[in-house]
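Structural overview
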Amino acid sequence: MDKLKFNGQILGVQPRIRLIRSFDESSHNYLGYNIFINGSIDEEEKTFCIAIGKAAQVKFGFRTGQIIIGQCLPVSKPNNEVAGFYKVSGLVKIKDDKIFKEPPPYLDKPLKLEEYRKRGHRRLSAKFYLSSCQYCHWACKMATEIFVDKWDSSNMKYRYETFCYGPKSCENYNSGPTRKVPGRNGKVWEEEDWIDVENTAHRSPDE
Ligand code: SF4
């Protein structure tokens, strides 16, 4: 398939992290970054999201406000990505404008993936992600794979979960309801609040 040409202004850049769950166990794959763009792709005007690797972000330093062009392909497994497009090539930064806006949301350059890992996250309400945090560089919408039965890889569920890596004092924050993970024989595990408290206990409220 020929690659699709795109161009547009970056609305936000967030880490591209895949969450893998199996009942009360979880792990993360740190894949790169998702770039949300307002512009045109395959000659259609719209807002879209492209997935890039860590090296491309290091090279270009993408952040909100910049205007970029490139080429990409539609993702082959939509359950595994937040972005609609990946395999990006021909990236060029046309304009390096910066958008100055008092946070929150935080619209600067995202951190290194290692920094996100070190900071740890708290769950973020899916509703608030859309209304208040959608382009914040501390927000992350993760494509989530659930092994309902870890001995049967055909028994999988897929969904998206939203998280915040930002300061615990952020006025935009809302946790939303606790998340439930389906397991074998109809059992359900609930990820309670103390897990988020523990994940971020090493940070002060404004850090
Ligand atoms: S709650 Fe988190 S993701 Fe939302 S604006 Fe604040 S720091 Fe950003």
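Data block above holds the structure.
Read on for an overview of the structure. Please read all numbers here as calculations on a predicted model, not as lab measurements.

A separate point is the overall build of the protein chain. Across its full length, the protein chain holds 4 helices and 10 strands. For the protein chain, the succession of helices and strands along the chain, N to C, is β-β-β-α-β-β-α-β-α-β-β-β-β-α. Expected size for 207 residues packed as a compact globule is a radius of gyration near 17 Å; at 18 Å, the protein chain falls within 12% of this value. Dimensions of the protein chain, computed from C-alpha atoms along their principal axes, come out at roughly 50 × 45 × 25 Å. For the protein chain, long-range pairs separated by at least 24 residues make up 66% of all intrachain contacts whose partners lie at least 6 apart in sequence. Each charge class in the protein chain was averaged separately, 33 positive and 27 negative side chains, and the resulting centres sit 3 Å apart.

This paragraph deals with the nonpolar core. Ranked by size, the top nonpolar core spans 40 residues in total, and within it Phe6, Ile35, Ile50, Ile52, Phe62, Ile68 and Leu91 carry the most contacts. If you tally residues by element for this core, the top one is strand β1 (residues 4-22), at 6 residues. Ignoring sequence-local partners within four residues, the contact set of Ile68 consists of Phe6, Asn7, Gly8, Ile10, Ile37, Ile50, Phe62, Leu91, Val92, Lys93 and Ile94. Counting 5 residues, the second-largest nonpolar core is a separate cluster that includes Ile146, Val148, Val181 and Trp189.

Per the stated rule, a full pass over the model turns up 6 aromatic pairs. With a centroid separation of 5.1 Å and 10° between ring planes, the pair formed by Phe60 and Phe62 is classed as stacked. Both residues of the pair, Phe60 and Phe62, count as buried. Note on Tyr116 and Tyr165: the rings are 5.2 Å apart at their centroids and 85° apart in plane angle, and the pair reads as edge-to-face. Of this pair, Tyr116 sits in helix α2 (residues 113-119) while Tyr165 is found in the loop between β8 (156-164) and β9 (179-182), placing the two residues 49 residues apart along the sequence. Given a relative accessible area of 1%, Tyr165 falls into the buried group. In this structure, Arg119 packs its charged tip against the face of Trp138, placed 4.1 Å from the ring centre. The ring of Phe163 has Arg179 sitting right over it, with the charged end atom 4.9 Å from the ring centre.

Judged from the 2 bridges that link them, strand β6 (residues 122-123) and β8 form a sheet pairing that is antiparallel. What sits directly across from Arg122, in β8, is Cys164. Inspection of the sheet shows strand β7 (residues 139-147) paired to β8 by 9 bridges, in the antiparallel sense. Directly across from Phe147, in β8, lies its bridge partner Met156.

Attention now goes to the side chain of Arg21. Along the polypeptide, Arg21 turns up in strand β1. Judged by its relative accessible area of 2%, Arg21 is buried. Of the polar contacts made by the side chain of Arg21, one reaches the side chain of Glu161; its length is 2.8 Å.

Take the environment of Tyr30 next. Secondary-structure assignment places Tyr30 in strand β2 (residues 25-41). Contact partners of Tyr30, with chain neighbours within four places excluded, come to Arg16, Ile17, Leu113, Arg117 and Tyr165.

On to the pattern of salt bridges, then. If the charged atoms of two oppositely charged side chains come close together, the side chains can form a pair. Within the structure shown, the criterion is met by 16 salt bridges. One salt bridge connects Glu81 with Arg18, and the closest N-O pair in it is separated by 3.4 Å. Of the two residues, Glu81 sits in the loop between β4 (67-74) and β5 (85-95) while Arg18 sits in strand β1, which places them 63 residues apart along the sequence. The buried category is assigned to Arg18, whose relative accessible area is 16%. Here Glu161 makes a salt bridge to Arg21, at a shortest N to O gap of 2.8 Å. Placement of the pair is Glu161 in strand β8 and Arg21 in strand β1, with a sequence separation of 140 residues.

The rules behind these values
Counting restarts for each chain: residues are numbered from 1 in the order of the written sequence. The model is predicted, so local features are restricted to residues of pLDDT at least 70 and side-chain atom pairs to those at 80 or more, both for listing and for counting; the totals for chains, interfaces and linings are taken over all residues. Note: side-chain values were computed over all heavy atoms of the structure, leaving out hydrogens and water. Secondary structure elements are defined from DSSP: runs of H or I of at least 4 residues count as helices, runs of E of at least 2 residues count as strands, and each element is numbered from the N terminus. We compute the radius of gyration over the C-alpha atoms and compare it with the globule rule, which gives 2.2 Å times the number of residues raised to the power 0.38. Residue contacts are counted whenever heavy atoms from the two residues lie within 4.5 Å of one another. When charges are counted, Lys and Arg contribute as positive and Asp and Glu as negative, whereas His and the chain ends are disregarded. Taken as the charge location is NZ of Lys, CZ of Arg, CG of Asp or CD of Glu. For the purposes of this section, nonpolar cores are sets of buried Ala, Val, Leu, Ile, Met, Phe, Trp, Tyr and Cys residues that join through side-chain atoms within 4.5 Å. Relative accessibility thresholds used throughout: buried, under 20% of the residue-type maximum; exposed, over 50%; partly exposed, between the two (1.4 Å probe, protein chains only). Aromatic contacts are taken between Phe, Tyr and Trp rings whose centres are within 6.5 Å, Trp giving its six-membered ring; a plane angle under 30 degrees counts as stacked, one over 60 as edge-to-face, and the others as tilted. For a ring to carry a charge above it, either NZ of a lysine or CZ of an arginine must fall within 6 Å of the ring centroid while also lying within 35 degrees of the normal to the ring plane. In this analysis, strands are considered paired if DSSP registers two or more bridges between them. N or O atoms closer than or at 3.5 Å make up a polar contact, with two conditions inside protein: a donor-capable atom paired with an acceptor-capable one, and, for residues adjacent in sequence, both atoms drawn from side chains. Any carboxyl oxygen of Asp or Glu that lies within 4 Å of a side-chain nitrogen of Lys or Arg is treated as forming a salt bridge with it.

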